[in-house]
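These are the residues of each chain, in order.
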Amino acid sequence: MVEKYDPQMKNHQMSTWLDELKQKLNHMDDAEIVEHRMGPSASVHLLYIKTLIDPERLNETIIQPLHRSAGNSLSSCITNAKVSEVLSIEDAEQKIMQGFILLNDSVNDQWLGVQLENPLGRAVEPSQTETVIYGAKDSFSEQIDKNITMLRRRLPITTLKTESFTIGSLSKTKVVLLYIDGLTNPEFVSLARKKIESVDFDQFLDSSQLAAFIEDHNHTVFPQFLQTDRPDACAYALGEGKLTLLVSNSPFALIAPITFFHLLQSPEDYFLRWPVASFLRLIRYGSFIVSLTMIPFYVALTTFHYQMVPLPLLYVLLESRGKLPFTPFAEGFFMIVTLEIIKEASLRMPTKTSQTLGVIGGIVIGQAAVEAGFASKVLIVLMGISAIAFFLVPNYQVTKSMVLMQILLLILASFLGLPGIVIGLIGILAHLHALTSLGQPYLAPIAPFYGKDWNDLFIRGPLIWMKTRPKYLKPLRKWRQEMKK
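Keep in mind that what you see is a predicted model, and the values were worked out from it rather than measured.

**A few points about the overall build of the chain**
For the chain, the count of helices and strands is 15 helices and twelve strands. Since a compact globule built from 485 residues should have a radius of gyration of about 23 Å, the 30 Å found for the chain marks it as more spread out than a globular shape. Each of the three principal axes of the chain carries a C-alpha extent, and together these read 105 × 65 × 40 Å. Relative to its full complement of 485 residues, the chain shows a buried share of 47%. Across the chain, contacts joining residues at least 24 apart in sequence account for 64% of those joining residues at least 6 apart. For the chain, the exposed surface amounts to about 25,800 Å²; the carbon and sulfur share of it is 61%.

What follows is the structure, encoded as structure tokens:
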């Protein structure tokens with residue numbers, strides 16, 4: 001049924017909207033409501049938040065064209081900006097808070113919105129969290145439109161689709177879901193869309209907060225979305241058949257589905273020669289295991305299995321621990337917590353003073369703790385190796401999770417010795433096996449087993465061998481090569 005046009009009703013609606021918007025903008029010093037005359041009888045009201053809009057563009061796009069107009073309709077005056085019709089009072093309120101200029105077009109009896117958002121934000125800078133020697137240097141910023149531009153320049157295809165959502169009753173945070181139509185499995189897109197639409201929270205300031213609401217498992221230390229600020233990493237993931245989520249005011253994108261092994265891979269793996277990249281990847285896996293088990297292994301040996309230690313090394317251990325009043329567990333726990341305190345403090349302090357803290361922390365750990373009888377020299381050396389091994393893991397979230405796993409293994413080692421470490425590692429593997437990322441197995445391609453995907457698992461095989469996309473992603477296009485005629 002087509003609603004009959006009623007000019008009086010329309011005029012009444014415009015007047016009502018203006019009164020309601022004036023009421024909503026009351027007690028906002030940066031809100032502007034300006035009336036502009038258009039000819040002898042017509043006028044137009046401009047409503048905007050001056051701290052959200054670009055004043056130069058306002059003058060060039062709206063003010064000057066209005067001065068030159070002779071009673072024409074607003075849409076014909078504004079030619080160098082996108083004009084959209086406002087359909088409801090809620091839409092008007094949302095647009096004005098997003099940097100739009102609202103205008104009431106008395107000629108056509110409608111409200112119009114012109115987006116003139118002030119382009120605040122920093123310039124494109126190198127990534128601070130995932131630095132590489134080779135490869136692109138640009139990284140995402142807090143401007144979501146700029147981030148989409150970076151991805152579109154890397155994937156200039158019309159099948160790269162974007163879907164926008166608004167979450168957060170207070171923050172009105174914009175979320176953009178990106179995927180390649182005809183490649184990404186529609187099940188992932190549908191599940192992600194459903195999860196985002198079900199989010200009910202008032203404020204989102206970063207993409208990690210969104211991940212906490214839409215991940216499959218909330219009570220685990222392992223992230224199920226890969227958080228990255230590198231556009232090339234996102235573009236590569238989209239090309240594999242994954243999807244990407246961009247959140248306004250956050251420089252970090254979310255990638256899913258992922259596996260546990262993605263958290264130990266670096267973007268630079270794909271820029272180096274494959275033997276070099278494979279060697280570095282194996283070192284990274286080894287460092288992950290060493291950083292987890294070295295201190296618990298020390299506690300297990302010195303508590304239960306000292307007979308396994310070679311005699312020359314046993315003399316060193318006995319001499320090192322001879323005057324310590326603490327058990328190996330207390331010694332190890334004290335040093336792990338101390339190291340975390342120093343790392344956290346160095347991150348939170350200004351750059352210039354953090355270097356001083358690093359020197360002080362090194363002296364405290366290296367000398368004062370030994371001389372005061374809080375730690376043995378052997379443990380200090382092992383702590384240093386373990387701490388350096390931690391930094392080889394490229395994902396910051398995983399390094400924080402590893403500390404908790406290290407403490408868990410330390411407790412088990414102090415009660416059960418080496419069997420405790422084995423039990424702990426089996427428990428961690430069982431936990432990983434039970435996890436999923438956007439419904440897909442977290443330990444793929446090991447469990448379930450996908451043999452061809454091992455080309456990019458512990459080693460990074462030659463790119464010419466990677467002719468198919470990962471099987472666990474169930475891509476609609478399996479082959480990465482175009483079939484030649």
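**A word on the sheet that holds strand E2 (residues 42–49)**
An order of E1-E2-E4-E5-E3 is seen for the five strands of this open sheet, with the pairing classed as antiparallel. Across the chains shown, the open sheet's two edge strands, defined by having one partner strand only, are strand E1 (31–38) and strand E3 (83–85). Each adjacent strand pair in this sheet contributes to an overall mean axis angle of 25°, direction not counted. Pairing between strand E4 (residues 100–105) and strand E5 (residues 110–115): six bridges, direction antiparallel. Residue Leu102 lies in a different strand from E5, and its bridge partner there is Gly113. Against the sheet, helix H2 (residues 55–68) makes contact with E1, E2, E4 and E5, and its axis sits at roughly 170° relative to E2, the strand it touches most. Against the sheet, helix H4 (residues 89–96) contacts E2, E3 and E4, and its axis sits at roughly 140° relative to E4.

**Quick word on the pattern of salt bridges**
Counted by the stated rule, this structure contains 15 salt bridges. Shared partners join several salt bridges into a network, and the residues in it are Asp269, Arg281, Arg284 and Asp456.

**Description of the environment of Pro448**
Tracing the backbone through its elements, the reader meets Pro448 in the segment after strand E12 (440–441). The sequence separation of Pro448 and Tyr472 amounts to 24 residues, and the corresponding C-alpha distance is 8.5 Å.

**Overview of the packing of helix H5 (residues 144–154) against helix H8 (residues 231–240)**
At a minimum axis separation of 9 Å, H5 and H8 run at an interaxial angle of 55°. When the interaxial angle is binned, H5 and H8 end up oblique. Here H5 runs over H8; the crossing is right-handed. Counting all contacts with H5, which are made through Met150, Leu151 and Arg154, the residues of H8 involved are Pro231, Asp232, Cys234 and Ala235. Residue composition of the contact of H5 with H8, by class: five nonpolar, no polar and two charged.

**Description of the pairing of strand E7 (residues 173–180)**
Among the eight residues of E7, seven are classified as buried, and the element is accordingly described as predominantly covered. The pairing of strand E6 (residues 160–167) with E7 spans eight bridges and is classified as antiparallel. Note that in E7 the partner of Ile167 across the bridge is Thr173. Joining the antiparallel neighbours E6 and E7 is a turn of five residues, in which Gly168 adopts a positive phi near 90°. Bridging between E7 and strand E9 (residues 243–247) involves four bridges; their strand directions are antiparallel. Residue Leu177 lies in a different strand from E9, and its bridge partner there is Leu245.

**Considerations on the packing of helix H9 (residues 274–303) against helix H13 (residues 377–390)**
Two elements in contact, H9 and H13, have axes separated by 8 Å at closest approach and are oriented at 160°. Viewed along their axes, H9 and H13 adopt a mutual orientation that is roughly antiparallel. The way H9 lies across H13 gives a crossing that is left-handed. Residues Ser287, Val290, Ser291, Met294, Ile295 and Tyr298 of H9 touch H13, and the partners they reach there are Val378, Leu379, Leu382, Met383, Ile385, Ser386, Ala389 and Phe390. Looking at side-chain class alone, the contact of H9 with H13 contains eleven nonpolar, three polar and no charged residues.

**Some points on H2**
If you check H2, its first and last C-alpha atoms are 18 Å apart, about what 14 residues at 1.5 Å a residue would give, namely 20 Å. Roughly 25° is the biggest bend found in H2, and it falls at Ile62, with proline Pro65 one to four residues downstream.

**Focus on the side chain of Ser266**
By secondary structure assignment, the location of Ser266 is in the loop between strand E10 (253–256) and H9. When residues no more than four places from it in sequence are discounted, the contact partners of Ser266 are Arg284 and Pro394.

**Topic: the packing of aromatic side chains**
Under the definition given, this model contains 16 aromatic pairs. Ring plane angle 35° and centroid distance 4.7 Å describe the contact between Tyr236 and Tyr270, whose orientation is recorded as tilted. Here Tyr270 lies in the loop between E10 and H9 and Tyr236 lies in helix H8, a separation of 34 residues in the sequence. We classify Tyr270 as buried; its relative accessible area is 17%. The structure contains a cluster of three or more aromatic residues connected by ring pairs, namely Phe222, Phe260, Phe261, Tyr285, Phe288, Tyr442, Phe449, Trp454 and Phe458. For Lys343, the ring lying beneath its charged end belongs to Phe390, and the centroid distance is 5.0 Å. Lying over the aromatic face of Phe391, Lys343 brings its terminal NZ or CZ to 5.5 Å of the ring centre.

**Some details on the nonpolar core**
Membership of the largest hydrophobic core comes to 62 residues, with the highest contact counts inside it found for Phe222, Leu246, Phe260, Phe288, Met402, Leu432 and Tyr442. Setting aside anything within four residues of it in sequence, one finds Leu432 in contact with Phe222, Phe260, Tyr442 and Leu443. With 24 residues, the next largest nonpolar core counts Phe165, Phe188, Ala192 and Leu438 among its residues.

About the thresholds
Residues numbered from 1 in each chain as written. Predicted model: local features only at pLDDT ≥ 70, side-chain atom pairs only at ≥ 80, totals over all residues. Heavy atoms only, no water. Helix = DSSP H or I, 4+ residues; strand = E, 2+ residues; numbered from the N terminus. Rg over C-alpha atoms; globule rule 2.2 N^0.38 Å. Buried < 20%, exposed > 50% of the residue type's maximum accessible area, 1.4 Å probe, protein only. Contact = heavy atoms within 4.5 Å. Areas by Shrake-Rupley, 256 points an atom, 1.4 Å probe, with all protein chains shown as cover. Pairing = 2+ DSSP bridges. Axes fitted to C-alpha atoms, helices over the stretch in contact; angles between N-to-C directions. Salt bridge = Lys/Arg side-chain N within 4 Å of Asp/Glu carboxyl O. Parallel < 35°, antiparallel > 145°, perpendicular 65-115°, else oblique. Left-handed = near helix turned anticlockwise from the far one by under 90°. Nonpolar A, V, L, I, M, F, W, Y, C, P; charged D, E, K, R; others polar. Expected span 1.5 Å × (residues − 1). Bend = angle between axes of the 7 residues up to and from the residue. Phe/Tyr/Trp six-rings, centres within 6.5 Å; stacked < 30°, edge-to-face > 60°. Lys NZ or Arg CZ within 6 Å of the ring centre and 35° of its normal. Core = buried A, V, L, I, M, F, W, Y, C linked by side-chain atoms within 4.5 Å.

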